[in-house]
Amino acid sequence: MSLSDFFTPIDLKRILPKDGYYTSHLGEKIAHFSADFPNIDEKTDIAIIGVQDDRNAVNNSGCALGPDYVREKLYQLFEGSYKTKIVDLGNIRQGATVTDTYFAVKTVVNELVKNNILPLIIGGGQDITYAQYMAYEDLDQKVDLVIVDSSFDLDDDGDMESIETTSTSYLNKIFLHEPNYLFNYSNLGYQTYFTSQEGLRVMDKLYFDVHRLGEISGQVAVTEPIIRNANMISFDIGSIRSSDAMGNANATPNGMYGEEACQVARYAGFNDKLSSIGFYEFNPAYDSNGQTAMLLAQMIWYFIDGFYNRKKDFPLNPKSQYLIYKTSLKHDDHEVVFVKSKKSDRWWMQVPYPAGGSMNERFHLVPCRYDDYKTAVAGEMPDLWWRTYQKLN
């Protein structure tokens, strides 16, 4: 089966501006499926995928139409100071059942990731995140998942036999999925009044990293190490405040600012580990003058900009490019080791595997902030070290 079997072409006449594209517009730079399916080879870096299925997008019917509205804005943005190697594969239309759509997304994402091509998904409902996650099942790796959302989507969908889920319950499906290949889950931007205390207790018990909107608002740089640790990211457009992104039936007054969402997207692009990203729940029926479509297009532009400015500095190769810092804690003989890249000034922390925990490595490297180093220098154990050690157990 060819990847082209899953896709329908873009209606270029609908999104093409009256005067066409300039040669430096992304619309001229991205090889898109409007007549012939684009060639995908080892030179391809990013593949854009539209998913036109909103049947399980709770209270947000209409978001299946979102991908082409985003393309219309994205294609009119100018290429940055790099040569993009991006293909737009077109749209995965909704299958006869939601399960069919999930199968198509899972198969396409899996094939692209195996070929070292980053799938960039424009949804559809956020339940598609589960299909994005299932693509990693046979890749023989643990997955670090980051979700940008104003709530935890932990509702019980009632049918654990089916792989179908909803935009408010897909996280349950991921947590209970067998085999379990989820190493860590992080939430960015949850709002406490949308979050049950039981959900918070679950996150604490599983040593997952969840961060309130108030923790990151106005200081979005604190999200960079969390994002740097992700293999896959799912971004709910409803996590952006309605004044900046009204194109979502569940939009609320509070949330990230548009420029903060763009910065998060750029951090995601920078992440050398990241192998897939999805932007979900944009609904053009609720948009005003195309503002949310333009914001999402700009977020994708920032993601691409980050991607083409990657530092490729995941430690420790070569060791000469890194500085090693060792600190001792106040109340025991334990030593915490930090690694700093000379190239990017980014920090990592070494967390040892428990005895017998890993055949090949003695420690796990987790991205951290300079503040974690200062905590250890003061003689205290960084919370990130402890939670990571518990997960390794």
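Residue indices begin from 1 for each chain and proceed along its sequence in written order. Residues qualify for local features only when their pLDDT is at least 70, as the model is predicted, and side-chain atom pairs are given and counted only at 80 or more; totals for whole chains, interfaces and linings, by contrast, use all residues. Side-chain numbers here rest on the full set of heavy atoms in the structure, without hydrogens or water.

Draft legend 1. Main features of unusual backbone geometry. With an omega of 20°, the peptide bond running from glycine 123 to glycine 124 counts as cis. Strands here are runs of E lasting at least two residues and helices are runs of H or I lasting at least four, both read from the DSSP assignment and numbered beginning at the N terminus. As for its position among the elements, glycine 124 is in the loop between strand S4 (118-122) and helix H5 (128-134). Each neighbour pair has its own omega, and for glutamate 178 with proline 179 the value is 0°, a cis peptide bond. Unlike most non-glycine residues, aspartate 140 shows phi in positive territory, near 55°. Counting through the fold element by element, aspartate 140 comes out in the loop between H5 and strand S5 (143-148).

Draft legend 2. Layout of the side chain of lysine 340. Structurally, the position occupied by lysine 340 is in strand S11 (residues 335-341). Pairs of residues are marked as contacts when any of their non-hydrogen atoms sit within 4.5 Å. Setting aside its immediate chain neighbours within four residues, lysine 340 contacts Gln321, Tyr322, Leu323, Tyr325, Asp345, Arg346 and Trp347.

Draft legend 3. Quick peek at the pattern of salt bridges. Any Lys or Arg side-chain nitrogen found within 4 Å of a carboxyl oxygen on Asp or Glu counts as a salt bridge. Within this structure, the stated rule accounts for 16 salt bridges. One salt bridge in this structure joins aspartate 144 and lysine 273, with 3.2 Å as the shortest N-O distance. Note that aspartate 144 is positioned in strand S5 and lysine 273 in the loop between helix H10 (258-270) and strand S9 (276-280), a separation of 129 residues in sequence. Exposed residues in this analysis have more than 50% of their type's maximum accessible area, buried residues have under 20%, and partly exposed residues fall in between, with area computed by a 1.4 Å probe over protein chains only. With relative accessibility at 26%, the residue lysine 273 sits in the partly exposed group. Among the ionic pairs, aspartate 371 bridges to arginine 369, the shortest N-O distance being 3.2 Å.

Draft legend 4. A look at the pairing of strand S3 (residues 86-93). Most of S3 is tucked away, with 7 of its 8 residues classed as buried. In this description, strands pair whenever DSSP reports at least two bridges between them. Here strand S1 (residues 31-32) runs beside S3; their pairing, made up of 2 bridges, is parallel. Among the inter-strand pairings, alanine 31 is bridged to a residue of S3, identified as valine 87. Handedness of a crossover is defined as follows: orient the strands so they point away from the viewer, and if the path from the first strand over the helix to the second runs clockwise, the crossover is right-handed. In the classification by handedness, the crossover that spans strand S2 (residues 46-52), the intervening helix H3 (residues 66-74) and the parallel S3 is right-handed.

Draft legend 5. Summary view of the sheet that holds S4. A sheet is described by the order of its strands in space; here 9 strands give the open sequence S1-S3-S2-S4-S9-S8-S5-S6-S7, paired in parallel fashion. Each of the sheet's edge strands pairs with one partner strand only, and the pair in question is S1 and strand S7 (209-212). Sheet topology places S2 next to S4; 5 bridges connect them, and they run parallel. Directly across from alanine 47, in S4, lies its bridge partner proline 119.

Draft legend 6. Spatial organisation of helix H12 (residues 370-377). Among all positions of H12, only Asp372, Tyr373 and Ala376 are buried. Each buried residue of H12 lies within a common arc of 100° when the element is viewed along its axis, so the set occupies one face. Close packing links the buried residues of H12 with strand S10 (322-328), S11, strand S12 (347-352), strand S13 (363-368) and helix H13 (383-392). Downstream of H12 by a residue or two, glycine 379 has a phi angle that is positive, lying close to 95°. In this context, the arc is that of the directions from the helix axis out to the C-beta atoms.

Draft legend 7. Quick look at the packing of aromatic side chains. Any two rings among Phe, Tyr and Trp, with Trp reduced to its six-membered ring, count as a pair given centres within 6.5 Å; such a pair is stacked if its planes are under 30 degrees apart, edge-to-face if over 60, and tilted if neither. Applying the stated criterion across every chain yields a total of 24 aromatic pairs. Considering the side-chain rings of tyrosine 82 and tyrosine 308, the 5.2 Å spacing of their centres and the 15° angle between planes classify their relative orientation as stacked. You can see tyrosine 82 sitting in the loop between H3 and S3 and its partner tyrosine 308 sitting in the loop between helix H11 (291-307) and S10, a full 226 residues away along the chain. Both residues of the pair, tyrosine 82 and tyrosine 308, count as buried. One aromatic cluster is present, built from ring pairs that chain together Tyr325, Phe338, Trp347, Tyr370 and Tyr373. A cation over an aromatic ring shows up here: arginine 228 above the ring of tryptophan 348, its NZ or CZ 4.6 Å from the ring centre. Charges are assigned to positions over rings by a cutoff of 6 Å between ring centre and Lys NZ or Arg CZ, combined with an angular limit of 35 degrees from the ring normal.

Draft legend 8. Representation of the sheet that holds S12 within the structure. The strand order across the open sheet built from 4 strands is S10-S11-S12-S13, with neighbouring strands paired in antiparallel fashion. In this open sheet, the two strands that pair with only one neighbour each are S10 and S13. Recorded for the sheet is a direction-independent mean angle of 30° between the axes of neighbouring strands. Every axis corresponds to a line fitted to the C-alpha atoms, with the helix fit spanning only the stretch in contact, and the corresponding angles, defined between N-to-C directions, vary from 0 to 180 degrees. Taken strand by strand, H12 contacts S10, S11, S12 and S13, and its axis lies near 35° from that of S10. Set on the sheet, H13 makes contact with S11, S12 and S13; between it and S12 the angle comes to about 45°.

Draft legend 9. View of the nonpolar core. Note on terminology: a nonpolar core comprises buried Ala, Val, Leu, Ile, Met, Phe, Trp, Tyr and Cys residues joined through side-chain atoms within 4.5 Å. If you look at the biggest cluster of nonpolar residues, it comprises 53 residues, and the most contacted ones within it are Phe235, Ile277, Met299, Ile300 and Phe303. Element by element, the count of residues in this core is highest for H11, at 9 residues. Those residues within four positions of isoleucine 300 in sequence are excluded, and the remaining contacts are Val70, Leu74, Leu120, Ile122 and Phe279. Membership of the second largest hydrophobic core comes to 47 residues, among which are Leu112, Ala135, Met232 and Tyr280.

Draft legend 10. Summary view of H13. Counting buried positions along H13 gives 7 out of 10 residues, so the element sits mostly inside the fold. Where H13 is concerned, the buried positions are Leu384, Trp385, Arg387, Thr388, Gln390, Lys391 and Leu392. Those residues of H13 that are buried lie in contact with strand S6 (182-190), S7, S11, S12, S13 and H12.

Draft legend 11. View of the pairing of S7. For S6 and S7, the ladder comprises 4 bridges, and the chain directions are parallel. Note that in S7 the partner of leucine 188 across the bridge is histidine 211. With helix H7 (residues 197-205) bridging S6 and its parallel neighbour S7, the resulting β-α-β unit is right-handed.

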